[in-house]
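# Tertiary structure, described
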Amino acid sequence: VHGPADVIAVGTAYTSWTNIGQAFILQWDGYRWRTVLVPDTGRDSELLSVTFVPHTRTAWAVGRMGRASLLEYYNGSTWRRVAIPQVAIRNSLRSVSATAACNVWVAGRLYTTYPFVLHFDGKHWEISETKLKKDYAIDSIMASSWHTAWTVGYAGDAGAERSEHWMEKQWK
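Residues numbered from 1 in each chain as written. Predicted model: local features only at pLDDT ≥ 70, side-chain atom pairs only at ≥ 80, totals over all residues. Heavy atoms only, no water.

It is worth spelling out the sheet that holds strand 3 (residues 33–36) at this point. Taken together, three strands build an open sheet; the order of strands is 1-2-3 and the sheet is antiparallel. Sheet topology places strand 1 (7–14) and strand 3 at the edges, where each strand pairs with a single neighbour. When the angles between neighbouring strand axes are averaged without regard to direction, this sheet yields 30°. Relative to strand 3, strand 2 (residues 21–28) runs antiparallel, the two sharing four bridges. Considered in strand 3, the bridge of glutamine 27 is made with arginine 34. (Pairing = 2+ DSSP bridges. Helix = DSSP H or I, 4+ residues; strand = E, 2+ residues; numbered from the N terminus. Axes fitted to C-alpha atoms, helices over the stretch in contact; angles between N-to-C directions.)

Looking now at the environment of isoleucine 138. On the secondary structure map, isoleucine 138 appears in strand 12 (residues 136–145). When the C-alpha atoms of isoleucine 138 and valine 117 are compared, they prove to be 8.7 Å apart, with 21 residues separating the residues in sequence. Ignoring anything within four residues of it in the chain, the contact list for isoleucine 138 reads Arg94, Ala107, Gly108, Pro115, Phe116, Val117, Leu132, Thr151, Val152 and Gly153. (Contact = heavy atoms within 4.5 Å.)

Per the counting criterion, the structure on display carries nine aromatic pairs. Their ring planes at 90° and their centres at 5.5 Å tell us that tryptophan 60 and tryptophan 125 sit as a pair that is edge-to-face. Highlighted residues: tryptophan 60 in strand 5 (residues 59–65) and tryptophan 125 in strand 11 (residues 125–128), separated in sequence by 65 residues. Of the two residues, tryptophan 60 and tryptophan 125, neither departs from the other in class, the shared state being buried. One aromatic cluster is present, built from ring pairs that chain together Trp60, Tyr73, Phe120 and Trp125. (Phe/Tyr/Trp six-rings, centres within 6.5 Å; stacked < 30°, edge-to-face > 60°. Buried < 20%, exposed > 50% of the residue type's maximum accessible area, 1.4 Å probe, protein only.)

Here we come to the sheet that holds strand 10 (residues 115–120). On the basis of which strands lie adjacent, the open sheet formed by four strands has the order 8-9-10-11 and antiparallel pairing. Where the open sheet ends on each side, the last strands, each with one partner, are strand 8 (91–100) and strand 11. Geometrically, the sheet is characterised by an average inter-axis angle of 25° between neighbouring strands, direction not taken into account. Direction of pairing for strand 9 (residues 103–110) relative to strand 10: antiparallel, over a ladder of six bridges. Opposite glycine 108, over in strand 10, you have phenylalanine 116 as the bridge partner.

What follows covers the confidence of the model for the protein. Scored by pLDDT, the protein has a mean of 83; 87% of the residues are at 70 or more. Across the protein, element-level confidence peaks in strand 8 with a mean pLDDT of 91 and bottoms out in strand 14 (residues 160–167) with 83. (pLDDT = per-residue confidence, 0-100.)

The next subject is the environment of alanine 98. Position of alanine 98 relative to the elements: it lies in strand 8. Judged by its relative accessible area of 8%, alanine 98 falls in the buried class. Each C-alpha atom, one on alanine 98 and one on methionine 142, is 7.8 Å from the other, the two residues being 44 residues apart in sequence. Not counting residues up to four positions away in its chain, the partners in contact with alanine 98 are Thr51, Phe52, Val53, Pro54, Asn103 and Val104.

What follows is the structure in structure tokens.
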């Protein structure tokens, strides 16, 4: 939610006969919801998280398309797909958080269940090495400033919850 006349929701619509999803975006303009075409996603895609960038009319949405991460950027009028560093062939973005146009964090997991975090400084996406190992999945990331971010998720089949804290230049 950016304001009472500017709300974005993301999700996945499934067909009952194939169980293959199609990513969608809904935008509220203060009067009605409208469905927005998610550029270049095709079938078997999903969007899981969206965030507005504070003090701007821009937004980011994340998910997956097939077996690859999906990152969408909204410039205030249109959505476009954005390339990110190739983390692995099979991966999915799960969450996004931003405190400024030059401080955007996304978190996801490789399909082999290795977690990963990416950071955008306004110009480039970089992989942010976490201390988490195999069998850990990050479900959410929240940034509160340039120097502070948190991840939350779980480890393995036991479902042991775990969080990590980004402070200054490293995960703790």
